[in-house]
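For reference, the chains in residue letters:
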Amino acid sequence: MVKAVVGANWGDEGKGKITDMLAEHADLVVRFQGGANAGHTIKNHYGKFSLHTLPSGVFYNHTTSVIGNGVALDIPKLFGEIKSITDQGVPKPKILVSDRAQIVMSYHVLLDQYEEERLGGKSFGSTKSGIAPFYSDKYAKIGFQVSELFDEALLQEKVQRILDLKNILFEHLYHKPLLKAQELLDELHRYREMVAPYAADTAAYLQQALKEDKTILLEGQLGTLRDPEHGIYPMVTSSPTLAGYGAVGAGIPPYEIKQVITVCKAYSSAVGAGEFVSEIFGDEAEELRRRGGDGGEYGATTGRPRRVGWFDCVASRYGCRLQGTTDVAFTVLDVLGYLDQIPVCVGYEIDGTVTTEFPTTASLKKAKPVYEVLPGWNCDITGIRKYEELPQNCRRYIEFVQERIGYPITMVSNGPKREDIIYRNN
Ligand code: GDP
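Here goes a summary of the coordinates provided.

**Describing the pattern of salt bridges**
Link 1 in the chain: Tallied over the entire structure, the rule returns 25 salt bridges.
Link 2 in the chain: Between Arg118 and Glu115 there is a salt bridge whose closest N-O contact spans 3.0 Å. Taken together, the residues span about one helical turn, with Arg118 and Glu115 both in helix H3 (residues 106-119) at a distance of 3 residues.
Link 3 in the chain: Exposure remark for Arg118: the relative accessible area of 46% places this residue in the partly exposed category.
Link 4 in the chain: With relative accessibility at 24%, the residue Glu115 sits in the partly exposed group.

Structure representation (structure tokens):
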């Protein structure tokens, strides 16, 4: 049985916490897209961790963590992360890396940095981890697959081909030092040594696991609104963030994904640029940012202050729909306990007409939020484990959101820890 844990919004919805929690009853946890550009923050009995490449199942002895073929594999970062968790007392996790995953090279990171520099104020707000140049090369068919590391003749030939291409950009567009063949080969040889013990045909491994009735969790990065096809293009990431892509990026049959748990945060937040209709500013925003998440809304990878806003039913309904949601995990609800009244965005006004359909980017730029204001519950709800024990106004908020987004909220997260969860039958 395969379950996907994905995001409905801009990312940072709390997928890491939900995956870590569900991994207790899973055999394998698979990353199927994205790279080390975004992160998950997880708090458990070992401490607080920021994971970027490792799946959020690495904290259990019984799970195998799989880096699927769809991932942008940054080998030094993966190793750095393994070291950082084992240094903090986590037992060495069992990790498999797809032999079809492609490798983020140091020149991808450089290209990302140089391009952001060149664009100046018009940049895409990249985290400069090389993700966009990496995926561009993958689809231009000049990427390095893990399996290719073991073919020396191929490496020699390909390095030269790539140098010819990249050095034109380095010299004439960016005016930077040129790449050297031997340095690239050395880099590839280093990666070969590092990754060799972990490389495997992970799709075949997952197929076997399915035959044995194992439980597989697919862990998504970012959320629907950052999907390159269905998100707020061009302020999107470079690989699909949808559960459907889980089949491709992990190499499993699509019909095996039986449950899609879409994580929706009880208010909105976004790192980086892009349309965000229910964004708030000033003191109101500063207070939510300070109280938000676990220790404030600051990016797990970048440390950048997150933009914050009220819950957006239009974006979340759309976000859930594109994911193919079977369950919504509604997270970080405890943070809203300080508010007397809570605005919820229920529609977008565009050119004088109110819509509840999430439009394409050009219309989004014109959209103004239409709010309904719900009463707050004015207390701390952390520690509550039963739905009926939540204050009435808190339940009202959850039920209001559920009705507007049209998908069942079956889990409510009221704190950053594994055990801070309320299961709910609809
Ligand atoms: P992800 O990328 O979707 O995994 O999200 P992040 O890890 O970037 O951001 C979620 C933040 O919220 C992390 O700091 C979590 O520890 C925290 N968090 C997750 N669930 C809850 C919750 O229910 N309440 C609170 N207060 N914090 C939470």
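**So, the site of the ligand**
Link 1 in the chain: By nearness alone, 19 residues border the ligand, and Gly16, His40, Thr41, Asp334 and Ser413 come closest of all.
Link 2 in the chain: Gly16 places a polar main-chain atom, nitrogen or oxygen, 2.7 Å from an oxygen atom of the ligand.
Link 3 in the chain: With respect to the ligand, the side chain of Asp334 contributes an N or O atom lying 2.8 Å from a nitrogen atom.
Link 4 in the chain: Here the ligand, which alone exposes 580 Å², has 97% of that area covered by the protein.
Link 5 in the chain: In this structure the site holding the ligand corresponds to the second largest pocket.
Link 6 in the chain: When contributions to the shell around the ligand are tallied by element, the ones reaching two or more residues are helix H1 (15-22) and strand E3 (40-44).

**Focus on the layout of surface pockets**
Link 1 in the chain: Its volume calculated, the second largest pocket comes out at about 520 Å³.
Link 2 in the chain: Contributing to the lining of the second largest pocket are 30 residues, with Gly14, Thr41, Gly293, Asp294 and Arg306 lying nearest its centre.
Link 3 in the chain: Counting residues per element, the ones that place at least two in the lining of the second largest pocket are H1, E3 and strand E4 (47-51).
Link 4 in the chain: Here the lining of the second largest pocket takes 4 residues from E3, the largest share from any one element.
Link 5 in the chain: When the residues that make up the lining of the second largest pocket are grouped by side-chain class, the tally is 6 nonpolar, 13 polar and 11 charged.

**Here we look at the sheet that holds strand E9 (residues 199-200)**
Link 1 in the chain: Overall, mixed pairing links the 10 strands, which are arranged E9-E7-E5-E2-E10-E1-E11-E15-E19-E20 in an open sheet. Each having just a single partner strand, E9 and strand E20 (421-423) make up the two edges of the open sheet.
Link 2 in the chain: Alignment of strand E1 (residues 2-7) against strand E10 (residues 216-219), held across 4 bridges, turns out to be parallel. In the strand pairing of E10, Val2 is matched with Ile216.
Link 3 in the chain: Here helix H7 (residues 202-211) sits on the sheet and contacts E1, strand E2 (28-31), strand E5 (64-67), strand E7 (94-98), E9 and E10; the angle it forms with E7, its principal contact strand, is near 125°.

**Digging into the packing of aromatic side chains**
Link 1 in the chain: Per the counting criterion, the structure on display carries 12 aromatic pairs.
Link 2 in the chain: Ring plane angle 80° and centroid distance 5.7 Å describe the contact between Phe311 and Phe330, whose orientation is recorded as edge-to-face. With Phe311 in strand E14 (residues 311-312) and Phe330 in strand E15 (residues 327-331), this pair connects stretches of sequence that are 19 residues apart.
Link 3 in the chain: Residue class for Phe311 comes out buried when judged on its relative accessible area of 1%.
Link 4 in the chain: The positively charged end of Arg424 is found above the aromatic ring belonging to Tyr387, 4.4 Å away from the centroid.

So, how was this worked out
- Residues numbered from 1 in each chain as written.
- Predicted model: local features only at pLDDT ≥ 70, side-chain atom pairs only at ≥ 80, totals over all residues.
- Heavy atoms only, no water.
- Salt bridge = Lys/Arg side-chain N within 4 Å of Asp/Glu carboxyl O.
- Helix = DSSP H or I, 4+ residues; strand = E, 2+ residues; numbered from the N terminus.
- Buried < 20%, exposed > 50% of the residue type's maximum accessible area, 1.4 Å probe, protein only.
- Near = heavy atom within 4 Å.
- Polar contact = N/O pair within 3.5 Å; in protein donor to acceptor, adjacent residues only side chain to side chain.
- Areas by Shrake-Rupley, 256 points an atom, 1.4 Å probe, with all protein chains shown as cover.
- 1 Å grid on protein atoms, 1.4 Å probe; cavity = no way out; pocket = protein on both sides within 12 Å on 5 of 7 lines; lining within 4 Å.
- Sits in = over half its atoms within 2 Å of the grid points.
- Points joined across faces, edges and corners; volume = space filled by probe spheres on them.
- Nonpolar A, V, L, I, M, F, W, Y, C, P; charged D, E, K, R; others polar.
- Pairing = 2+ DSSP bridges.
- Contact = heavy atoms within 4.5 Å.
- Axes fitted to C-alpha atoms, helices over the stretch in contact; angles between N-to-C directions.
- Phe/Tyr/Trp six-rings, centres within 6.5 Å; stacked < 30°, edge-to-face > 60°.
- Lys NZ or Arg CZ within 6 Å of the ring centre and 35° of its normal.

The values are spatial; any link to function lies outside them.
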